[in-house]
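# Descriptive structure summary
Single-letter residue listing:
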Amino acid sequence: MIPRALTIAGLDSGGGAGITADLKTFHALGVYGMVALTAVTAQNTLGVRAVQEIDPSIVEAQIDAVAEDIGINAAKTGMLSSSQIMEAAARAVRKWGFPLVVDPVMYAKSGDPLIRPEAMETLRRVIIPIAKVVTPNAPEASHLVGFRVETLDDAKRAAKVIAEELHPEIVIVKGGHLTGDESIDIVYFRDSGEYRELKALRIDTKNTHGTGCSFSAAIAAGLAKGLSPWDAIKLAKELITTAIKYSLPLGHGHGPVNPMAWLELRAYRADIIDELNKALKVIEDNADLIGNYIPEVQSNLGYALPALYARNLDDVAAVPGRIVKYMGKAKPSGPPTFGVSSHVANYILTAMKHGPEVRSAMNIKYDNRVIEAARELGYVVSGYDRRQEPPEVKAREGASIPWGTEQAIKNAGRVPDIIYHLGDYGKEPQIVILGQSPIDVVNKLLIIVKRINEKRF
Ligand SMILES: Nc1ncnc2c1ncn2[C@@H]1O[C@H](COP(=O)(O)OP(=O)(O)OP(=O)(O)O)[C@@H](O)[C@H]1O
Ligand SMILES: Cc1ncc(CO)c(N)n1
């Protein structure tokens, strides 16, 4: 049976935090998500404009409805703005007995309050004591303990105070608001008195709207799946780090984190291997035709992750051992794999900076007939001259192809279908066919090759 998790939280109309972040996170981790809505906020990446609380009896009724029928393996709370909503949620949690992760939400990233001042005491007295895990950020921890939390030592002290005074099983004081090269969260286990740390490199971005929501939802998802609390917490740290790394530059303030990155990266990687395999099959079906166009350095066909995810050579798949010429025929020498080609990958990554949809490329032997036929067919063809490569570019390992690709794009005024260069001392001339997918690239190659062959007769 699919694990089921519930979020008891508010709606962020901007889609970055609150229940939308929670549902994305649950589903990214393979957990069925349910909602008990506590408030509607009119909110975007810049701030909160208006709040409408849900009647506390309706909050409780939502929890009862799903618990009775569907079943709840674990839950989290987010925005609980009033004492009455907190009391209602706590009643339902005690009634059904599921493990609870409490994100003690007080302010949005914009600084706008999401809790009534008079409810702060209820959060301490009623909600945090029923938590298995509570996840304050540094300012929230400061409010709970009454001293400033600005260093890791403060965070450690605060975690222990919260555990001992308010009695949740595990306290995580999050490090997103602290400084340093790493974002370090302090985890404190009340019963054993043990501290552990969660560390990740701090990512330089302002798009961190919804980090706390996704992090606590991921812990709840892990618990719903039956993981131990520590395994659920480690999984949540991995998910949130990925979600921040691939956060979305939307709106004019703090853009949303991207919990779907967890799923999308895996899905796109599998899809890219499938699409490359399909195109390699077409190459094998036309091995005779294409064999004539394999250069001395051999060919390769690469395909990159979508622009949001394509950061470096590891994000481009190609054929390990390249596409070789064997007995006159084109032959892929191994199954497509990520991170195995720097040559075509460099063409693709540079082209994507100017045309993000151009995610695939194949290099072939230089042949003037290819250039002519491509031009006749209406393809955009652009070249660069390797002899004009500045010495400082030549000196930098791996800089030649990006430089040449930039030149060719500048010369064409757009990302061309074909880029060529005529070589240099010790460098074979080369043609690179670019396209949106490997099939697109191989089709262009076949159309050109067939055109050349037709002209011979
Ligand atoms: N820039 C960053 N780079 C890496 N990790 C980060 C960064 N910012 C936050 N984190 C991590 O994200 C998680 C959430 O922490 P954070 O302190 O941002 O929560 P929050 O302030 O409650 O978020 P929000 O209020 O937006 O929901 C923690 O694991 C934290 O270490
Ligand atoms: C609805 C809602 N819940 C939580 C947060 C905390 O980020 C937010 N900004 N909005």
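Residues numbered from 1 in each chain as written. Chains lettered and ligands numbered in written order. Predicted model: local features only at pLDDT ≥ 70, side-chain atom pairs only at ≥ 80, totals over all residues. Heavy atoms only, no water.

A few words on the pattern of salt bridges. All told, the structure shown has 26 salt bridges when counted by the stated rule. A salt bridge links Asp231 to Lys234, with the shortest nitrogen-to-oxygen separation between them at 3.5 Å. Placement of the pair is Asp231 and Lys234 together in helix α8 (residues 229-245), with a separation of 3 residues, close to one helical turn. By relative accessible area, Asp231 is classed as partly exposed at 35%. Assessed through its relative accessible area of 37%, Lys234 is described here as partly exposed. Of the charged contacts, one joins Lys281 and Asp285 as a salt bridge, the two residues approaching to 3.2 Å between their closest N and O atoms. Residue Lys281 and its partner Asp285 are located together in helix α9 (residues 261-285), separated by 4 residues, close to a single helical turn. What makes Asp285 exposed here is its relative accessible area of 52%. Each of Glu60, Asp64, Arg91 and Lys95 takes part in a single network of salt bridges with overlapping partners. (Salt bridge = Lys/Arg side-chain N within 4 Å of Asp/Glu carboxyl O. Helix = DSSP H or I, 4+ residues; strand = E, 2+ residues; numbered from the N terminus. Buried < 20%, exposed > 50% of the residue type's maximum accessible area, 1.4 Å probe, protein only.)

Another point: the nonpolar core. Core analysis: the largest hydrophobic core is formed by 61 residues, its most contacted members being Ile283, Leu301, Ile323 and Met362. Beyond its immediate stretch of four places on either side in the chain, Ile283 contacts Ile290, Leu301, Ile323, Ala330, Met362 and Val442. Listed in part, the 50 residues of the second largest apolar core include Ala9, Met120, Ile127 and Val149. (Core = buried A, V, L, I, M, F, W, Y, C linked by side-chain atoms within 4.5 Å. Contact = heavy atoms within 4.5 Å.)

Turning to the packing of aromatic side chains, a few remarks are in order. As enumerated under the stated definition, the model contains 6 aromatic pairs in all. Between Tyr188 and Tyr195 the ring centres are 4.8 Å apart and the planes differ by 55 degrees, which places this aromatic pair in the tilted class. Judged by centre distance (6.0 Å) and plane angle (90 degrees), the rings of Tyr384 and Trp403 are edge-to-face. In this pair, Tyr384 sits in strand β16 (residues 381-384) while Trp403 sits in helix α14 (residues 400-412), placing the two residues 19 residues apart along the sequence. A relative accessible area of 13% means that Trp403 is categorised as buried. Three or more aromatic residues joined by ring pairs make a cluster, and in this case those are Tyr246, Tyr268 and Tyr309. (Phe/Tyr/Trp six-rings, centres within 6.5 Å; stacked < 30°, edge-to-face > 60°.)

If you check α9, its first and last C-alpha atoms are 35 Å apart, about what 25 residues at 1.5 Å a residue would give, namely 36 Å. Those residues of α9 that fall on the buried side of the exposure criterion are Ala261, Trp262, Leu265, Ile272, Glu275, Leu276, Ala279, Leu280 and Ile283. (Expected span 1.5 Å × (residues − 1).)

Our focus in this paragraph is unusual backbone geometry. The phi dihedral of His167 falls on the positive side, at around 70 degrees, and the residue is not glycine. Here His167 shows up in the loop between α6 (152-166) and β7 (170-173). We note that Arg322 has phi near 65 degrees; this positive angle belongs to a residue other than glycine. Here Arg322 lies in the loop between β11 (316-318) and β12 (323-326). We classify Arg322 as partly exposed; its relative accessible area is 38%.

Our next topic: the site of ligand 1. Lys109, Lys174, His177, Ser183 and Asp185 are the nearest of the 19 residues found near ligand 1. Asn137 places a side-chain nitrogen or oxygen 2.8 Å from an oxygen atom of ligand 1. Within the side chain of Ser183, one N or O atom sits 2.6 Å away from an oxygen atom of ligand 1. Protein contact buries 95% of the 630 Å² of open area that ligand 1 shows by itself. With respect to the pocket detection grid, ligand 1 is positioned in the largest pocket. (Near = heavy atom within 4 Å. Polar contact = N/O pair within 3.5 Å; in protein donor to acceptor, adjacent residues only side chain to side chain. Areas by Shrake-Rupley, 256 points an atom, 1.4 Å probe, with all protein chains shown as cover. 1 Å grid on protein atoms, 1.4 Å probe; cavity = no way out; pocket = protein on both sides within 12 Å on 5 of 7 lines; lining within 4 Å. Sits in = over half its atoms within 2 Å of the grid points.)

What follows concerns the domain arrangement of the protein. Considered domain by domain, the protein is made up of domain 1 (4-258) and domain 2 (264-455). Between the C-alpha centres of domain 1 and domain 2 there is a distance of 46 Å. Together, the buried faces of domain 1 and domain 2 total about 430 Å²; carbon and sulfur atoms form 62% of this surface. Among the residues of domain 1 in contact with domain 2, Lys245, Tyr246 and Asn258 are the three that bury the most area, contributing 80% of the side total. At the boundary of domain 1 and domain 2, one finds 0 salt bridges. Scanning the region where domain 1 abuts domain 2 turns up 2 residue pairs in polar contact (both at pLDDT 80 or more). (Domains from an automatic or database assignment. Buried area = accessible area lost by both parts, 1.4 Å probe.)

For the rest of this paragraph, the subject is the sheet that holds β7. Strand order in the open sheet made by the 9 strands is β3-β2-β1-β4-β5-β6-β7-β8-β9, with mixed pairing throughout. Taken across any chain shown, the strands that pair with only one partner, and hence form the sheet edges, are β3 (48-53) and β9 (194-201). Here strand β6 (residues 133-134) runs beside β7; their pairing, made up of 2 bridges, is parallel. Residue pairing for β7: Val133 is matched across the bridge by Ile170. Helix α1 (residues 18-28) rests against β1 (4-12), β2 (32-43) and β4 (74-77) of the sheet, and its axis sits at about 150 degrees to β1. (Pairing = 2+ DSSP bridges. Axes fitted to C-alpha atoms, helices over the stretch in contact; angles between N-to-C directions.)

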